Each structure stands twice: as structure tokens, then as C-alpha cells.
Amino acid sequence: MESWTLYTRRFSGRREVEKSLRKVKAMKQSRYEPEKVELKWQARWEAQGLFKVNEDSSKEKYYLLEMFPYPSGKIHMGHVRNYTIGDVVARYKRMQGKNVLHPMGWDAFGLPAENAAIEHGTHPAKWTYDNISAMKTQLKRMGFSYDWDRELATCDPSYYRWEQLFFLQMYERGLAYKKRTHVNWCEKCQTVLANEQVEDGRCWRHSDQEVTIKEMDSWFLRITHYAEEMLEHCERLPGWPERVLTMQKNWIGKSYGAVIRFPMVDSHETIEVFTTRQDTVFGATFLCFAPEHPMVKDMIKGLPQESEVIAFIERTLKMDRFLRTAEFTEKEGIFSGRYCINPLTGEKIPIFVANFVLFDYGTGAIMAVPTHDQRDFEFARKYGLPLRVVIQPEGALLKEAAMEEAYVGDGKLVNSGPFNGMSNREAMESIADYLKTKGHGCKTINYRLRDWGISRQRYWGAPIPIVYCNKCGTVPVPADQLPVVLPLQFQMRPNGGSPLPFEPSFYETSCPGCGGKARRETDTMDTFVESSWYFDRYACSDYSHGPLDLERVSYWMPVDQYIGGIEHAILHLLYSRFFTRALNDMGYLKVREPFTNLLTQGMVCKEIESCPTHGYLYPHEVKDGRCVKCGSSVILGGSLKMSKSKKNVVDPQDLIDKYGADTVRMFCLFASPPERDLEWNDKGVEGASRFLNRIWRLVLDNAGQLVRADSRGGVQVSEVLSVLHRKTHQTIKKVSEDIENRFHFNTAIASVMELVNETNKAIENRNSLDEPDWSIVKEAVETAVVLLSPVVPHICDELWEILGHRESLLTVPWPSYDPAALVEEKRLVVLQVNGRVRSRIEVPALLGDDEIKEIALADPRIRQFIGEKSVKKTVVVQKKLVNVVV
RNA sequence: GCGAGAGUGGCGGAACUGGUAGACGCGCUGGACUUAGGAUCCAGUGGCUAAACGCUGUGGGGGUUCGACUCCCCCCUCUCGCACCA
């Protein structure tokens, strides 16, 4: 109240009011208004078609790709970070003269569309296309330099028709096949999951949903055909992070061992087991089957144990797969009532069915050697099965009755007939050879990788182009009848199931072979199929004569730099590598590896806050460290990946509205190097905004002098300006190297900040600067603007224009530094005594090491620390440091 | 358990092949301008100390070296991936 009267009284005079108004008006004109600047340049870039790119054999190509998004509704911070990193590289490479392909599209099939359709009474297609349009607007608002002419959506028939063609050709080549199997079933998704999509026994997208086993007919892609090659080629991907390669190698899981055949008693059948320890075969005292194994049901038929065994199998299969095979789960099994013969000892040994044996791995049956395998040991002890030591360690004597755990180390063979006395390592080979000559088995290589099950009982996916005919059986849809269009007139079923099996207008068809009545396949493909080749299609997304225009694809592929989240380290990347090989074999591609360099960016994290009674809290629900609902003090839960459920998300749109896209881009890059997790910090965003305001003022406050000054004046200047000149070129060097060698944008930005700080210092007394001085300042300012332009392209283009240029910085060549400008006429040399800094001196740069040493030894502070002691040694480091050892 | 990565101020992070530890930013402190300041500018800011290029300091302990955040050995903690794979 009082201050208001004061205010009005003070400004009551007319002249004062007018004066202040003029001032405000002038201030407004030069104020940095991000939205205005950004919209202006986005419109201009678009009008000029600046981001469009064509194949040009005279230029070196650079294919930069970021993982395309699922159109979930709006972009999140993870997208912003991923795409900002990509955009900086794309713009940088372009300024370096490369022909850069930088496309964007939509991974548009998938479950959330179906769920949203049910929830909101809409159609998955409408929901998806609405989301695409909303997210596209947001991506454009961020100023990313995509060539939108190449945009694709995988749910469009013009995309998935080619995928259906690939499927047919894979079917012809035996790379796609159908089989009845035990599949992972997610009740929430109402569909099958691939092994890779099961995490800890739960659905990869429903962490609260346990995956169960169901028997079902499914289509598979024979990814195992390329297992060995994909494993070997891990060595040829030096541009991939080591940990991703390790995960891929582990997933393929190659192991060397042997298949051994155990003949059954009272039957002509033999049981095959896979083992990596054929050296212990003489110690195999029983045999175990996985409950799923089809042989079990046949061999127990009519036995007194039959019903008991079947009950055990059914009970075991109902259990959660993860729990059943978890390390801490007790080993359980049941005697089948049948026996087989250990082919090397000739002994009759019992056959069990056991919960811990995996049907998916090896042959689904194992020989059990309780003395030398911990699992078998536990099982044998529980069921009172015999033990026989066949490997004796050096310097100890194992006795079966006294053993408390299996001995899994090396040693000499005992109880092993002709192999007694041999080291178990040698016996690996010898026993394998022996098995082979006797016809009992052979050496083999086993992979953990299974074929890729792609059948999904879903609506919102690409139909599998197959028809079932009573007469002709399974018949592929002829290529000229593609696409099998996913009809859009159906609604989702209320329980979430696919309408396709219930819609005769879809599944009723005629057989392409005999013309008779036939039924279409109603399963659709796993959406990972679409993302396994979208990067190829970007090269020619308008091509309509086939899936890929070989000429254009060959120009662009492989992707030079792929950028995305670590969460795709196995699934998407492995499938893409498989598809690339298959398409190469089918003649569609000339490359065998899709991605030369891979950058996996870290997650965007933020501190979570929670209340003991109200759970996770949004920031606005916390006041002074207390929950606004109940007043309890809030618990800080550490920094975790942003997620809606933890209420720690930051909506990029809010930030764009408040600070502008450039600030958001800048903070994402400045907060941490890309491969590390990014810790969100609202104050840090303000810091980024502040810096942009500083550089804005630097240019606007000095616009007159800067525009008038000569570019690159080389005249002799004052001390402070020669430092600035050097700093300018040092910064060019630093920024170029940081981007080029390691994508460390945080340090690149930091060094431009230093340059700006230095420039501000140099013009502190701007009235004393003369013409040549201003040309040095101009060089510094322009360099800062150019170097920063890949990071914050809008403000830089605006400043560039203010500085008197016409073109967008995207078309300006990346600057190179002048090595001569880096040379310093003086150098700071650190003087140490016994490794401790005791003094610093400035010496002329031309001075030799010997002279520097002399000066150092004469330095009063150094003399003081040497004192009475004698100098033992003096180390001189190339004009940088002198260490005197006493 | 196995594999990979990481531990640096109050915080995010620098220090690239061993050579001034803490660039840059945030925060904080003091000051300037201002009716006001959550705007802007200036100065300071690892700890200890009255102060210093004095001591101390990069998870802990040892080692190599004239010199170690950096290399080697042992230990601790955290993150991620894999995990009964026969």
C-alpha cells in the first residue's frame, strides 16, 4: 500500500513517465523472446526446405538415426534427450559438408492403441494417427532437422505390405515356419510373448503380470540360422558399446559340448541329452526330463506311475516359469517308472521328470551327475539317488557319502573305465571321440538363442499373409495379392481380445491354390518385426515398386550412427541384425550389419518424493518438505527414471512453453554426457536459459560495432584481445574434438561458455576498443554463435542474422581453427619441489627446457624449499612443469 | 554367483596419452544497481587455519613413480545386465 503511493508519487511527472516508457520499449525490442525467435526460424527452415536431402554420389553420405518413437500421445523427456543428441550430430555433420540423412517416423502398431481404444471408445487407428499428428507438432516445435518427406508409419499398408512380402519370402526359404509349442502367454496382453519379451518371469510391458505357459500353434522366424554369424560379427562392431555386445553374446549363448544318446530299457527309443561335461558321463546315475518334453507322456503310458507323473507335470507347468526355474526354488521331480542305459557304464539308471530341467535349452533332457553338478547333487540327495565320483581333485580324496556339495573343478578321472587317470580336460575330447566311434553321441555346439516367435493374437498389427485350406493346408497369400489389409471397420472386443477371429468378413476367403473355401490366419505379427527394417525403408520411403530401392538403400545403408535407449540392447538390435542378414540373403540389401556405430543414451531421472500415507507425490504436493494432504514429512527416494507412476515426470511441453526449445535442448546436453543418466534439475534449466540470455545481450548490446567491424582482422592488438583471439581458436578445436570423438556436448558447451565469458571480459571497457579490437571481438562472438548452432539452432540463426548474415547457419561450413593462433607467446610453468606445487612462473614460449630449468632452480620460492638439501634430480615436462627432487 | 560400469565439493559434472584436482553450470555467501528483486552485474566459494602457492583432500588400504582421480594389488559401496543354460 505504502510502496504503491510512493511509486505513483514518484512517477507522477509526465516527463519521467514518458522517459521510462521509452526505456521499457527499447528494452522490449532487444529482449530475448524464445518463442518468437523459434517460430520464426522453424517457419523459415520449412519454407526453404532446408532439411530435405537427396542421394548425391559426389558427397560423402552420413546416415544418422535415432530410434523412432511409439506414438503414445506426447513426447517425453527421454525422446527430447535422444532426439536432441541426434540433432546436434546431424547438424554438425551437415555443417562439415556431409550429405546427412536424418529421418523420423512412427513405430505405430502395438498394444497401447488397443487399450486406449477400449478405454476411450475410439479406434486404434484414430488414436494412433491423432497421436502421430500431436507428437509431430511437438518434434517440429523442438526444431529437429528431420527430412519429413521420408516420414513413415508402420501401421500404414504401404509399409506393412512389404513386411508381408518379406514374410512370404522367408517362408519360401524356410526362414519362417509354423510349429506347435509351449509359448509364453501374457493374460493382460491376451497374447504370446517371445522369450526376449519375458523379464524375470513377467511380461516386459506389464511388470505385475506373470507369464504362463500355453500350448499353441505359432509362427517363427529362424533367427537361429544366423546365430553363429551374429555372434562372430560382434567382434566386427567396434563402434558399439562393449556392454551391448556382451548382452548380445550372452543372449546368443554359445556353448561347446556333446549330445549323448541313452538307450531306453524295454524300448527301441533312445534319449538324447546335451552336456558340456561329457568328461563326467561315467558318473551319470540318473536322467531327467523337462516336464514339457513330449517323450515323457509316451513312455509312461500304462505304467502304475502314469497318473502321478501327469499330475506332477501339470502342476509344474502351471507354475510361473521364472519361479519354477529360479535358483532358490527347491529342485523337485518324480520317478517316471522307466529306466535307460548309461551307454558307457552299461548300467541301468532311472529316468525322472524334474522341474529344474529346461525344455528350451539343449535337448530338454539331461544326464544327471550328482557328484559333479550342484543341481544334480541336490536332487539326488533329496530322492536318495546313487552318487559316484568320477573326478578326483589333486591333493584330496572325495568320498560320495561325505560330500556336502558337488565338486565342479578339475582333476583326474576315476571310475571311468579306459579313461581312468586321464585329466578331465583331456577326457573331454577323448570321451567325445569314443562316443562317436561307438555311435553313442558326438560333439556339438549349442545356442541358448531360440527362434523368434512372431504370432500375436492381436488386432493392431500386421496380418500374417497365410491362408488355411482344408484341402491344400497352409497356403501363403500370393505376392500379387498383397497387402492383406488390416480392416479398420472393426472395434476392439471389450475384454481386449482381437476381433479378427470373430469377423467372417476378414477370415473367410478362398484358397489361392484350389479356389475352395479357406480361412485366413487371424494372428498378426510381433511389432518388433516392423522396427527390424524401418531404417532401410527411410532410404526410399516413397518407393512403390518393391520394399526397397536397391540403389538408394545402397547409397545410405548402413546407418553410420544409431542413437537410442539401452533398453533395446537385446531385442530390437538383435532382431534388426537378423533382418538385415535375411534381407541381404534375399537380395534386398548389400549390407550385413545395419548399424556401424551405436550410442546408447542414459535415462532421464528425477528425485522421487513420497509421503508415508499418500505414496508418491507430485512436486506441487510438497510444501516445505511436508505432504500438503497430511503434513507428514516427505521422504526423498533418490533419483529414478522418470515415470508417471512415480510422479516424477517433467513434461517437455511445459518447459518449451516457459523457456523455449533451445533452452530445453541446451540443458539436456549440458547436464551430463549422453551415455550417462541425466539428473533432472529445474534450477539447471534456468541456468541454461540465463546463458542464452547472456549471449543474446552480448550480441545485441554490441550489434552496431560488431556489424561494422571487419571479420578476421589480423592486426596487432592488446594483450587481452590477443588472449581472446587465442581462446577463440582453442574453443573451435575443443568443441570440434568433443563432438567428433566422443559426443561430449557438455564439455563442448562449457568451453563456449568460457569463450563468451572471456569476450565479455574483453569488452568491459568497450569505449577504449578501436577498430581492429572489434574485429577480434567479432571473430569471438561469431565463432561462439556458429559453434553453438547445432545445440541451439534458433537463437543462433537469429543472432547470425543480427550480425548481418543472411543464410541459416546449417548451410555455413563448420569453422576450422588456425594452428598459428593457438601458439602462446608466454607459458605458465608450474614449479614443484618433490611433487608439490611451490611456485608458478610465466616464461616466453620460445624458451627451451634447459633454460626453464635454470630459471626454476633460481626461483626464490623454490630455493627456499630446497633449503640446505641437495638437488637429486630435476624433471622438466615440455614447457609445462618443473619438478625438483631433493 | 557371473559379467560390465561407476564411486571426485552442498549438487550436476570437468581433468582425453600419469604432470596446477574441482573447468563449466547450479546452489550458497557478500557487494553493486534498485521503491523492490526470484532480473542483471561484480567478488568469493573442497576442508582445516586469523591468513598464506601452510596442512589436508578424488570410497578405504597398500604399491609403482620425481609426480597418481588416472597404472597395479586387496577391500567396501552403488548401478546395470545375466542368472538352476546341464
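Our subject is the structure listed above.
Everything quoted here is computed from the prediction, not taken from an experiment.

Reading the values: the criteria
The residue count restarts for each chain, going from 1 along the sequence in the order it is written. To read the labels, note that chains go from A and ligands from 1, taken in the order they are written. The predicted origin of the model limits local features to residues at a pLDDT of at least 70 and limits the giving and counting of side-chain atom pairs to 80 or more, whereas totals for whole chains, interfaces and linings rest on all residues. Hydrogen atoms and water are omitted, and side-chain values are computed over all heavy atoms in the structure. In this text, helices come from DSSP runs of H or I with a minimum length of four residues, and strands from runs of E with a minimum of two, each type numbered from the N-terminal end. Any two residues whose heavy atoms approach within 4.5 Å are treated as being in contact. Lines are fitted to the C-alpha atoms to define the axes, a helix being fitted only along its stretch in contact, and any angle between axes, read from their N-to-C directions, falls within 0 to 180 degrees. For this classification, under 35 degrees means roughly parallel, over 145 means roughly antiparallel, 65 to 115 means roughly perpendicular, and everything else is oblique. Put simply, a crossing is left-handed when the front helix is turned counterclockwise from the back one by less than a right angle, and right-handed when it is turned clockwise. Only the six-membered ring of Trp is used, alongside the rings of Phe and Tyr, when aromatic pairs are assigned; centres must lie within 6.5 Å, and planes under 30 degrees apart are stacked while those over 60 apart are edge-to-face, with the rest tilted. Only protein chains enter the accessibility calculation, which uses a 1.4 Å probe; a residue whose area is less than 20% of its type maximum is buried, one above 50% is exposed, and one in between is partly exposed. Note on criteria: charge over ring means Lys NZ or Arg CZ within 6 Å of the ring centre, with the direction from the centre no more than 35 degrees off the ring normal. For two strands to be treated as a pair, DSSP must find at least two bridges joining them. By convention a nonpolar core is built from buried Ala, Val, Leu, Ile, Met, Phe, Trp, Tyr and Cys residues, the set being connected through side-chain atoms within 4.5 Å. Using a 1 Å grid laid over the protein atoms alone, points where a 1.4 Å probe fits but cannot get out form a cavity; open sets with protein on both sides within 12 Å along at least 5 of 7 lines form a pocket; any residue with an atom within 4 Å of a point counts as lining. Grid points are joined across faces, edges and corners, and a volume is the space filled by probe spheres set on the points. Gly counts as polar in this scheme, as do all residues outside two lists: the nonpolar Ala, Val, Leu, Ile, Met, Phe, Trp, Tyr, Cys and Pro, and the charged Asp, Glu, Lys and Arg. Think of the arc as the fan of directions from the helix axis to the C-beta atoms. Only heavy atoms are used to decide nearness, and a residue is near a molecule or strand if one of them lies within 4 Å of it. Any N or O atom pair separated by 3.5 Å or less is treated as a polar contact, with the protein-specific requirement of one donor-capable and one acceptor-capable atom, and with residues adjacent in sequence counted only for side-chain atom pairs.

Undergrad: Explain the environment of Gly441 to me, and be specific about the residues and the numbers.
TA: Relative to the helices and strands, Gly441 is located in strand β16 (residues 441–447). Sequence separation between Gly441 and Gln138 is 303 residues; the distance between their C-alpha atoms is 62 Å. Among residues more than four places away in sequence, those in contact with Gly441 are Val259, Ile260, Arg261, Leu435 and Lys436.

Undergrad: Kindly report on the packing of helix α25 (residues 771–788) against helix α26 (residues 793–802), identifying the contributing residues and their values.
TA: Put simply, α25 and α26 touch, their axes get as near as 9 Å, and they point 150 degrees apart. The angle between α25 and α26 places the two elements in the roughly antiparallel class. Here the hand of the crossing between α25 and α26 comes out left-handed. Between α25 and α26, the residues in contact are Glu782, Val785, Val786 and Leu788 and Cys796, Leu799 and Trp800, respectively.

Undergrad: Describe unusual backbone geometry, and please don't skip the residues or the numbers.
TA: That bond from Leu482 to Pro483 is cis: its omega, 0 degrees, falls within 30 degrees of zero. Checked against the element boundaries, Pro483 lands in the loop between β20 (473–476) and α15 (504–507). In the Ramachandran plot, Asn415 falls in the positive-phi region, its phi being about 50 degrees despite a non-glycine side chain. Inspection of the secondary structure assignment puts Asn415 in the loop between β15 (412–413) and α14 (424–438).

Undergrad: Please set out the packing of aromatic side chains residue by residue, giving values where relevant.
TA: Scanning the model with the defined rule gives 43 aromatic pairs in all. Here Tyr171 and Trp219 contribute two aromatic rings whose centre-to-centre distance is 5.6 Å and whose plane-to-plane angle is 70 degrees, an arrangement assigned as edge-to-face. Of this pair, Tyr171 sits in helix α7 (residues 157–172) while Trp219 sits in strand β7 (residues 206–221), and the two are 48 residues apart along the sequence. Judged by relative accessible area, Tyr171 falls into the partly exposed class, the value being 26%. Centroid distance Phe578 to Phe579: 5.9 Å. Interplanar angle 90 degrees. Geometry classified as edge-to-face. Taken together, the aromatic side chains of Tyr159, Phe166, Tyr226, Trp452, Phe528, Trp533, Tyr575, Phe578, Phe579 and Tyr588 make up a single cluster linked through ring pairs. Positioned above the aromatic ring of Trp185, the side-chain terminus of Lys214 is 3.7 Å from the ring centre. Here Arg520 stacks its cationic end above the ring of Phe506, 6.0 Å away from the centre of that ring.

Undergrad: Could you give an account of the pairing of strand β11 (residues 333–341), naming the residues involved and the relevant values?
TA: Direction of pairing for β11 relative to strand β12 (residues 348–354): antiparallel, over a ladder of six bridges. Each bridged residue has a counterpart across the sheet, and for Tyr339 the counterpart in β12 is Pro350. The turn linking β11 back onto β12 is made up of six residues, and Gly346 within it adopts a positive phi angle of 75 degrees.

Undergrad: Any details on the nonpolar core? Residues and values, ideally.
TA: Considering soluble globular proteins, one finds that nonpolar side chains tend to be buried as a cluster. Membership of the largest hydrophobic core comes to 187 residues, with the highest contact counts inside it found for Met77, Phe167, Trp452, Tyr534, Phe579 and Trp680. Looking at this core element by element, the count peaks at 10 residues for α25. Not counting residues within four places of it along the chain, the set of residues in contact with Trp680 comprises Met77, Val604, Cys605, Lys606, Met642, Val650, Leu655, Phe667 and Val685. Counting 35 residues, the second-largest nonpolar core is a separate cluster that includes Phe289, Met295, Ile351 and Ile431.

Undergrad: Could you give an account of the sheet that holds strand β10 (residues 286–289), with specific residues and numbers?
TA: Strand order in the open sheet formed by four strands is β11-β12-β10-β13, and the pairing between neighbours is mixed. Only two strands of the sheet have a single partner each, and these edge strands are β11 and β13 (365–368). Ignoring which end each strand starts from, the neighbouring axes of this sheet average 30 degrees apart. Where helix α13 (residues 374–383) meets the sheet, it contacts β10, β11, β12 and β13, and its direction lies at approximately 105 degrees from that of β10.

Undergrad: Could you give an account of empty space enclosed by the protein, with specific residues and numbers?
TA: Scanning the entire structure with this criterion turns up five cavities of 30 Å³ or more. Roughly 50 Å³ of volume is contained in the second largest cavity. Every residue along the wall of the second largest cavity is listed here: Val735, Ile739, Phe745, Ala748, Ile749, Val752, Leu787, Leu788 and Val791. Counting only elements with at least two residues in the lining of the second largest cavity, the list comes to α23 (719–742), α24 (745–762) and α25. For the lining of the second largest cavity, the per-class residue count stands at nine nonpolar, no polar and no charged.

Undergrad: Describe helix α19 (residues 652–659), and please don't skip the residues or the numbers.
TA: Those residues of α19 not exposed but buried are Pro652, Leu655, Ile656 and Tyr659. Angular distribution of buried residues about the axis of α19 spans 100 degrees; they occupy a single face of the element. Exposed residues lying more than 90 degrees from the buried face of α19 are Asp657 and Lys658. Summarising the contacts, the buried residues of α19 are in contact with α3 (34–48), α4 (77–95), α6 (124–141), α20 (661–670) and α21 (682–701).

Undergrad: So what about the protein's contact with RNA strand B? Which residues, and what values?
TA: Around RNA strand B, a shell composed of 56 residues is seen, among which Thr275, Thr276, Lys331, Tyr361 and Arg861 lie nearest. Each atom of RNA strand B within 4 Å of the protein was assigned to sugar, phosphate or base; sugar and phosphate come to 66%. A distance of 2.4 Å separates a base nitrogen of RNA strand B from a polar atom in the side chain of Lys331. Here a phosphate oxygen of RNA strand B sits 2.7 Å away from a polar atom, N or O, in the side chain of Arg690. Top contributing element to the surface near RNA strand B by residue count: α24, with six residues. Considering only residue class, the surface near RNA strand B consists of 21 nonpolar, 12 polar and 23 charged.

Undergrad: Tell me about the sheet that holds β16, and name the residues and values.
TA: Strands sit in the order β9-β8-β16 across an open sheet of three strands; the sheet is antiparallel. Every interior strand has two partners, whereas the edge strands, β9 (270–275) and β16, have only one. Strand-to-strand twist of the sheet, defined as the mean angle between neighbouring strand axes without regard to direction, takes the value 35 degrees. As judged from the six bridges shared by strand β8 (residues 254–263) and β9, these two strands associate in the antiparallel manner. From the neighbouring strand, Arg261 faces β9, where its bridge partner is Glu272.

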